[in-house]
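Coordinate inspection notes
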Amino acid sequence: MKVITLCGSTKFKEQFEKANAHLTLQGNIVISLGFFEQSEGIEITKEQAELFAEIHFEKIKMADEIFVIDVNGYIGNSTRKEIEYARQREMPIHYFSESDIK
């Protein structure tokens, strides 16, 4: 059993949910986003965005690996930083675009 943190743009809520279910059914503990401001149209302040990023780095610290939701190869700036953070921690990184999740 592994702990996996999902990373990616909040505009990909549907793909986050599919990945969460798929990975959970494989016996993993999945850590996801608290909310999807882009998908759900939630307005957040700059301070809240910074706090959201800080919280997500803590979620990555708790994980054994990350799973990047990179729909059509899209990886935004925040997700790039998360991938780099995981690399610095020598964590395995897996990608939605390379998975069998549809």
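So, here's what we can say about the structure. (Residues numbered from 1 in each chain as written. Predicted model: local features only at pLDDT ≥ 70, side-chain atom pairs only at ≥ 80, totals over all residues. Heavy atoms only, no water.)

1. Considerations on unusual backbone geometry
Selection criterion: Numbered from the N terminus, helices here are DSSP runs of H or I no shorter than four residues, and strands are runs of E no shorter than two.
Its identity is not glycine, yet asparagine 72 carries a phi of approximately 55°, on the positive side. Assignment of secondary structure puts asparagine 72 in the loop between strand S3 (65-69) and helix H4 (77-88). With phi around 55°, glutamate 90 is a residue other than glycine that occupies positive phi space. Secondary-structure assignment places glutamate 90 in the loop between H4 and strand S4 (93-95).

2. Looking at the nonpolar core
To keep it simple, the criterion reads: In this text, buried Ala, Val, Leu, Ile, Met, Phe, Trp, Tyr and Cys residues form a nonpolar core when linked through side-chain atoms within 4.5 Å. Only protein chains enter the accessibility calculation, which uses a 1.4 Å probe; a residue whose area is less than 20% of its type maximum is buried, one above 50% is exposed, and one in between is partly exposed. Whether two residues touch is decided by their heavy atoms; if any such pair falls within 4.5 Å, the residues are in contact.
In this structure, Leu6, Phe16, Ala19, Leu23, Phe67, Ile69 and Phe96 are the most contacted members of the largest nonpolar core, which totals 15 residues. Of all the elements in the fold, those that place two or more residues in this core are strand S1 (3-8), helix H1 (13-25) and S3. Ranked by residue count, the leading element in this core is H1, at 3 residues. Ignoring any residue separated from it by four or fewer positions in sequence, one finds leucine 6 in contact with Phe16, Ala19, Asn20, Leu23, Val30, Ile31, Ser32, Leu33, His56 and Phe67. Among the nonpolar cores identified, the runner-up in size contains 14 residues, and Val3, Ala63, Ala86 and Ile93 belong to it.

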